[in-house]
Amino acid sequence: MSAPRAQPDPRDEIINFLPEMRAFAISLTRDAPSADDLVQDAVVKAWKSFHQFQSDTNLRAWLFTIVRNTFYSDLRRRRREVEHAEQTPAEDATDDRGADPIIAVMDFEKAFSTLPDEQREALVLVGASGMSYEEAAETCEVAVGTIKSRINRGRKRLAELLGHDAGDTRGTTDD
Amino acid sequence: MTRDPKKSDVERDIDDNLRKVYREMVEQEVPDRFRDLLDKLRQSEQNGDPEAKE
């Protein structure tokens, strides 16, 4: 039996990844409306550059890469606009220090949202979406060791914010 | 679910929370605008809109 024109368009797969693209986008933007705008831009880009996708590679990682590249290029553009408008150095959102030095029991989502972008995305990709370290490294276009260290720092910071002592189960002290 | 015995309770707690938050986000209904967008992209390509191909 010959398959009648059974060549599926691989772009039809994009729709199946939308829930995860949105979840990843929300973890980057931290709010659903901006995440939807981000996903919208990423879908258009993915559609138009689909010829660059190699079918033997991981479509999810490829789509996630587009989401994050779009996120960071928007962020850079916005920062340039802010710097231009205010003539003050823009706040560095990829700074490693996290937001505030508060050590108190925080709601998980709130604590998570204070982490630097790079730690949030590494934690979401590996800790939540189930990507391997290698896939996450490919998605973020960095070395595997970089992903591992971002995850470790992110976990440590979360543990502090949530009132645990990382690597230790003592209660929180205010040292 | 695999449990890594090397993980501390804190790490396990963090990972459980991460997965929970992510699952909740994935389970949200995808807005219609995305289906519309994909339809539009396909249509504009079929109509030979050069914008949609490049």
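Scroll up to find the structure this text is about.
The shown structure was predicted, so the numbers you read here are calculated from the model rather than taken from an experiment.

(A) Just the overall build of chain B, in detail. Looking only at helices and strands, chain B features two helices and zero strands. Residues counted as buried form 28% of the 54 residues belonging to chain B. For chain B, the exposed area adds up to about 4000 Å²; of that, 44% sits on carbon and sulfur atoms.

(B) Fine view of the overall build of chain A. Tallying secondary structure elements over chain A gives seven helices and zero strands in all. In sequence order, chain A lays out its α and β elements as α-α-α-α-α-α-α. For chain A, the proportion of contacts with a sequence separation of at least 24, taken over those separated by at least 6, is 62%. Summed over all atoms, the accessible surface of chain A reaches about 9500 Å², with 49% contributed by carbon and sulfur.

(C) Inspection of the side chain of Glu20 of chain A at higher detail. In this structure, Glu20 of chain A sits in helix 1 (residues 14–29). The exposure class of Glu20 of chain A is buried, given its relative accessible area of 18%. Sequence-distant contacts of Glu20 of chain A, defined by excluding residues within four places in its chain, comprise Arg60, Phe64 and Ser129 of chain A together with Tyr22 and Val26 of chain B.

(D) Summary view of unusual backbone geometry. Residues and elements named next belong to chain A. Although it is not a glycine, Arg30 adopts a positive phi angle of roughly 70°. Along the chain, Arg30 falls in the loop between helix 1 and helix 2 (32–48). With a relative accessible area of 44%, Arg30 lands in the partly exposed category. Of note in the backbone geometry, Glu141 takes a positive phi value of approximately 55° without being a glycine. Relative to the elements of secondary structure, Glu141 occurs in the loop between helix 6 (133–140) and helix 7 (144–161). By relative accessible area, Glu141 is classed as exposed at 55%.

(E) The interface of chain B and chain A, seen in detail. Each side of the interface is counted separately: chain B has 30 residues, and chain A has 36 residues. Surface buried jointly by chain B and chain A totals about 3100 Å² across both partners, of which 66% is contributed by carbon and sulfur atoms. Of all residues in chain B, the largest losses of buried area upon contact with chain A belong to Leu18, Tyr22 and Leu38 of chain B, amounting jointly to 21% of the total for that side. Remark: the boundary between chain B and chain A carries six salt bridges. Where Arg42 of chain B meets Asp9 of chain A, a salt bridge forms, and the shortest distance between an N and an O atom there is 3.0 Å. Summed over the shared surface of chain B and chain A, the number is nine residue pairs in polar contact (both at pLDDT 80 or more). At the level of secondary structure, the elements contributing two or more residues to the side of chain B that touches chain A comprise helix 1 (9–27) and helix 2 (32–46) of chain B. Here the side of chain B that touches chain A takes 13 residues from helix 1 of chain B, the largest share from any one element. Its residues assigned to classes, the side of chain B that touches chain A comprises 14 nonpolar, two polar and 14 charged.

(F) Broad picture of helix 2 of chain A. Spanning 17 residues, helix 2 of chain A covers 24 Å between terminal C-alpha atoms, matching the ideal 24 Å at 1.5 Å per step. Along helix 2 of chain A, the positions that sit buried rather than exposed are Ala35, Asp36, Leu38, Val39, Ala42, Val43, Ala46 and Trp47 of chain A. Axial view of helix 2 of chain A: buried residues confined to an arc of 165°, hence all on one face. The secondary structure elements touched by the buried residues of helix 2 of chain A are helix 1 and helix 3 (59–86) of chain A together with helix 2 of chain B.

Definitions and limits used
Residues numbered from 1 in each chain as written. Chains lettered and ligands numbered in written order. Predicted model: local features only at pLDDT ≥ 70, side-chain atom pairs only at ≥ 80, totals over all residues. Heavy atoms only, no water. Helix = DSSP H or I, 4+ residues; strand = E, 2+ residues; numbered from the N terminus. Buried < 20%, exposed > 50% of the residue type's maximum accessible area, 1.4 Å probe, protein only. Areas by Shrake-Rupley, 256 points an atom, 1.4 Å probe, with all protein chains shown as cover. Contact = heavy atoms within 4.5 Å. Buried area = accessible area lost by both parts, 1.4 Å probe. Salt bridge = Lys/Arg side-chain N within 4 Å of Asp/Glu carboxyl O. Polar contact = N/O pair within 3.5 Å; in protein donor to acceptor, adjacent residues only side chain to side chain. Nonpolar A, V, L, I, M, F, W, Y, C, P; charged D, E, K, R; others polar. Expected span 1.5 Å × (residues − 1). Arc of directions from axis to C-beta.

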